[in-house]
Amino acid sequence: KNQVEQSPQSLIILEGKNCTLQCNYTVSPFSNLRWYKQDTGRGPVSLTIMTFSENTKSNGRYTATLDADTKQSSLHITASQLSDSASYICVVSGEAGNNRKLIWGLGTSLAVNP
Amino acid sequence: NAGVTQTPKFQVLKTGQSMTLQCAQDMNHEYMSWYRQDPGMGLRLIHYSVGAGITDQGEVPNGYNVSRSTTEDFPLRLLSAAPSQTSVYFCASSYPGNSPLHFGNGTRLTVT
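Keep in mind that what you see is a predicted model, and the values were worked out from it rather than measured. (Residues numbered from 1 in each chain as written. Chains lettered and ligands numbered in written order. Predicted model: local features only at pLDDT ≥ 70, side-chain atom pairs only at ≥ 80, totals over all residues. Heavy atoms only, no water.)

### Overview of the overall build of chain A
Thought 1: Helix and strand counts for chain A stand at zero helices and eleven strands.
Thought 2: For chain A, the sequential pattern of α-helices and β-strands runs β-β-β-β-β-β-β-β-β-β-β.
Thought 3: Over its C-alpha trace chain A gives a radius of gyration of 14 Å, about what one expects of a compact globule, namely 13 Å for 114 residues.
Thought 4: With respect to the three principal axes, the spread of C-alpha positions in chain A is 40 × 30 × 20 Å.
Thought 5: Burial statistics for chain A: of 114 residues in total, 44% are counted as buried.
Thought 6: Accessible area for chain A stands at about 5,500 Å²; split by element, carbon and sulfur atoms hold 48% of it.
Thought 7: Across chain A, the 10 positively charged side chains and the 8 negatively charged ones have centroids separated by 6 Å. (Helix = DSSP H or I, 4+ residues; strand = E, 2+ residues; numbered from the N terminus. Rg over C-alpha atoms; globule rule 2.2 N^0.38 Å. Buried < 20%, exposed > 50% of the residue type's maximum accessible area, 1.4 Å probe, protein only. Areas by Shrake-Rupley, 256 points an atom, 1.4 Å probe, with all protein chains shown as cover. Lys, Arg positive; Asp, Glu negative; His and termini not counted. Charge placed at Lys NZ, Arg CZ, Asp CG, Glu CD.)

Written out as structure tokens, the structure reads:
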């Protein structure tokens, strides 16, 4: 069964600290892996998309890594800010070239406290 | 650029009523889709469209209809609302291929 599992379920950190969120998947075939940020009451916003051949991709203070052999990804947030408080969702595409076959994780809820 | 615009933001329906959730995008995206988001579950695809005049079912299509008469608009119709359709509904659009989805800010629907 195609699945995307994220850990931890929730996380609380202090402003300025770094954190790493984990994503394990059992999706086959694999096309690409995405990370989205979802603020409370808003729609998800894309952070990164990585294909099989990409190991690391950065978007500002967000750095995603992908190990396609172990089927694991991580999202590292550097020097956290209060605005980073959100849910971070890992999504795996099981079909190249379209958005119809996306497997969504349940997300990690991150709270950044002052 | 407004991006993806969804209306209304909130809606309360009685069981059996019908309604249409509106979605419009101004990015000339060919692909549009509807998702529902429920606690404890990942986003689930309801219906999608790869272009004007073309629609298809997603993972959970029962109880919903869609149409795509223009590139910009992709309304979702609830035919006879049921309490199980209480959810947050998101419209999303993208270019073809492995392009990121752009989401609206959702419609929170409660069916009593």
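There is more to say after this.
### What to know about the packing of aromatic side chains
Thought 1: Within the structure shown, the criterion is met by ten aromatic pairs over all chains.
Thought 2: Ring plane angle 20 degrees and centroid distance 5.1 Å describe the contact between A:Tyr25 and A:Phe30, whose orientation is recorded as stacked.
Thought 3: Consider the rings of A:Tyr36 and A:Trp104, whose centres lie 5.3 Å apart with planes at 40 degrees: the pair is tilted. Remark: A:Trp104 occurs in strand S10 (residues 102-104) and A:Tyr36 occurs in strand S4 (residues 32-38); sequence separation between them is 68 residues.
Thought 4: Exposure remark for A:Trp104: the relative accessible area of 7% places this residue in the buried category.
Thought 5: Members of the aromatic cluster, joined through ring pairs, are A:Tyr36, A:Trp104, B:Tyr35, B:Phe90 and B:Phe103.
Thought 6: The ring of A:Tyr62 is capped by A:Arg61, whose NZ or CZ atom sits 5.7 Å from the centre of that ring.
Thought 7: Directly above the ring of B:Phe74 sits B:Arg68, whose terminal nitrogen or CZ lies 6.0 Å from the centroid. (Phe/Tyr/Trp six-rings, centres within 6.5 Å; stacked < 30°, edge-to-face > 60°. Lys NZ or Arg CZ within 6 Å of the ring centre and 35° of its normal.)

### Focus: the state of the cysteines
All names here are of chain A.
Thought 1: Across all of its chains, the model carries two disulfides over all chains by this definition.
Thought 2: Across a sulfur-sulfur distance of 2.0 Å, Cys 23 and Cys 90 are joined as a disulfide pair. Across the disulfide from Cys 23 to Cys 90, rotation about the S-S bond amounts to roughly -70 degrees, and the bridge is consequently left-handed. Taken together, the residues span a long stretch of sequence, with Cys 23 in strand S3 (residues 19-25) and Cys 90 in strand S9 (residues 86-93) at a distance of 67 residues. Here the two residues Cys 23 and Cys 90 agree in accessibility, since each one is buried. (Disulfide = S-S within 2.5 Å.)

### Section: the pattern of salt bridges
Two side chains carrying opposite charge are able to pair once their charged atoms lie near each other.
Residues and elements named next belong to chain A.
Thought 1: Scanning all chains against the criterion turns up five salt bridges over all chains.
Thought 2: For Glu 54, the salt bridge identified is with Lys 57, shortest N-O distance 3.2 Å.
Thought 3: The class for Glu 54 is partly exposed, based on a relative accessible area of 24%.
Thought 4: On the accessibility criterion, Lys 57 (28% relative accessible area) is partly exposed. (Salt bridge = Lys/Arg side-chain N within 4 Å of Asp/Glu carboxyl O.)

### With respect to the nonpolar core
Thought 1: In terms of nonpolar packing, the biggest core is built from 23 residues, with A:Val4, A:Tyr25, A:Leu33, A:Trp35, A:Leu75, A:Tyr88 and A:Leu110 touching the most fellow members.
Thought 2: Elements with a minimum of two residues in this core: S3, S4, strand S5 (45-51), strand S7 (62-67), strand S8 (72-77), S9 and strand S11 (108-113) of chain A.
Thought 3: With residues near it in sequence (within four places) discarded, A:Tyr25 still touches A:Gln3, A:Val4, A:Phe30, A:Leu33, A:Leu66, A:Asp67, A:Ala68, A:Lys71, A:Gln72 and A:Val92.
Thought 4: Within the second largest apolar cluster, 20 residues are counted, among which are B:Met27, B:Met32, B:Trp34 and B:Val111. (Core = buried A, V, L, I, M, F, W, Y, C linked by side-chain atoms within 4.5 Å. Contact = heavy atoms within 4.5 Å.)

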